[in-house]
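Survey of secondary and tertiary structure
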Amino acid sequence: MKRLVTGLMAAIAGTAIAGLGVLSAQAEELRLGDFQSTTHIVSMEGTQKWMKQVEEMTGGKITFSHFPAQQAAKSKELLSATTNGIVDAALIGPIYNAEVLPLNSVVGLPGFYTTAQQGTAALQKMMQEGPLRDEMLDAGVVPIFAFVLPPYQILSKDKHLGGPDDWKGLNIRTSGATQAMVARDLGAAGVSIAGPEVYTAVERGRLDGVLFPLASVPGYNLQEVVKHISTNGAFGGYSFILVVRRNLFEGLPQETQDAMLKAGAEVAMHVAKAQDDSVAVLTQKWAEDGIDVYQFTDEEHAAINKAISTVREEWLDRIGARNPKAADVVAQYSELTKE
């Protein structure tokens, strides 16, 4: 880590003030860490768009040095990199920091939202006030905007996966402990593999299937190694939150804070819509290319939902043992995703 900090600071020497939390009236360049590539839809329509809007809205008083693709820190280390002053801001995946942000892992529960726009609208409201926001503040960061990926679907290499009987004995890539419970209850084994390694794992037969959001599939070229893709499942979600170190944000002029938040509210819904729109285009192309793009039948949906019905209770037992607000978070999330 010492070598990482030294190298990063040398590369950007003189461009920002690390860890002071108060910016001068002159133009300041903030260091933003990111674990997505610059060609990923989340980066193009989310992070990069937000940075550009903030620069324009502040008249160039705030600019950014962007460190994508884990250049500043690994995905699991971006939160601590922000609080420790290695970067000033970051796009984080709360599921990677479940030990620090347990309540924010609620997004991983299956069955709550069916589109990225629906899930993002709910999450944005929960970030304005309440336990999810408080958890972020306690961790030393301010949530600027949050959005979700479209609900996870199942992509499989050789076998069309319908009801639970089709899943038994298979190795399925999952993201986080909650999704691993989903795979387990369907009779499969959840395997934790980083996104960039999934292609090779499927190609070599280490994985039989992958739980993955469809808008992110092209970023990893998974359509090249799978033959079957579902479109109407709801196997949990994944959230991104753009955060700024708390003492830095609170030291910014009010108009700068307002610009960041206003741009964030616009970009959150923009990137959600961009993902939803991309899914329709992608699934049509995959079908034309000969991939089995399918929907679960009502009977399969019922069997799947019955099989994974205990996941929510297990999450409440696990998270609620540490935080009594867990039940309130689930209730609020459930209500907001119905709107």
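Look up a bit, the structure's there.
Residues numbered from 1 in each chain as written. Predicted model: local features only at pLDDT ≥ 70, side-chain atom pairs only at ≥ 80, totals over all residues. Heavy atoms only, no water.

1. Thoughts on the overall build of the protein chain
A tally of helices and strands in the protein chain yields 13 helices and 11 strands. Computed over the C-alpha atoms, the radius of gyration of the protein chain is 20 Å, within 12% of the 20 Å expected from 2.2 N^0.38 for a compact globule of 339 residues. C-alpha atoms of the protein chain, sized along the principal axes, occupy 60 × 45 × 35 Å. Residues counted as buried form 53% of the 339 residues belonging to the protein chain. Total accessible area computed for the protein chain in this model is approximately 14,300 Å², and 50% of it derives from carbon and sulfur atoms. With 29 positive and 39 negative side-chain charges, the protein chain shows a spacing of 5 Å between the two charge centroids. (Helix = DSSP H or I, 4+ residues; strand = E, 2+ residues; numbered from the N terminus. Rg over C-alpha atoms; globule rule 2.2 N^0.38 Å. Buried < 20%, exposed > 50% of the residue type's maximum accessible area, 1.4 Å probe, protein only. Areas by Shrake-Rupley, 256 points an atom, 1.4 Å probe, with all protein chains shown as cover. Lys, Arg positive; Asp, Glu negative; His and termini not counted. Charge placed at Lys NZ, Arg CZ, Asp CG, Glu CD.)

2. Digging into the pattern of salt bridges
One pass over the full model with this rule turns up 11 salt bridges. The residue glutamate 339 makes a salt bridge to lysine 125 at a minimum N-O spacing of 2.7 Å. Here glutamate 339, found in the segment after α13 (326-336), pairs with lysine 125, found in helix α4 (residues 116-128); they are 214 residues apart in sequence, far enough to count as distant. When its relative accessible area of 41% is taken as the criterion, lysine 125 is described as partly exposed. With a closest N to O distance of 4.0 Å, aspartate 158 and lysine 227 form a salt bridge. Highlighted residues: aspartate 158 in the loop between β5 (153-156) and β6 (171-174) and lysine 227 in the loop between α8 (217-220) and β9 (228-230), separated in sequence by 69 residues. By relative accessible area, aspartate 158 is classed as exposed at 57%. (Salt bridge = Lys/Arg side-chain N within 4 Å of Asp/Glu carboxyl O.)

3. Describing the sheet that holds strand β1 (residues 28-33)
Strand order in the open sheet made by the 5 strands is β2-β1-β3-β10-β4, with mixed pairing throughout. One side of each edge strand has no neighbouring strand; the edge strands of this open sheet are β2 (62-67) and β4 (141-148). Averaged over all neighbouring strand pairs, the angle between strand axes comes to 20°, with direction disregarded. The sheet contact formed by β4 and strand β10 (residues 239-245) spans 7 bridges and is antiparallel. By the bridge assignment for β10, valine 141 is matched with arginine 245. The strands touched by α4 within the sheet are β4 and β10, with β4 carrying the most contacts at an inclination of about 160°. The strands that helix α5 (residues 131-138) touches are β3 (89-92), β4 and β10; relative to β4, the one it contacts most, it runs at about 135°. (Pairing = 2+ DSSP bridges. Axes fitted to C-alpha atoms, helices over the stretch in contact; angles between N-to-C directions. Contact = heavy atoms within 4.5 Å.)

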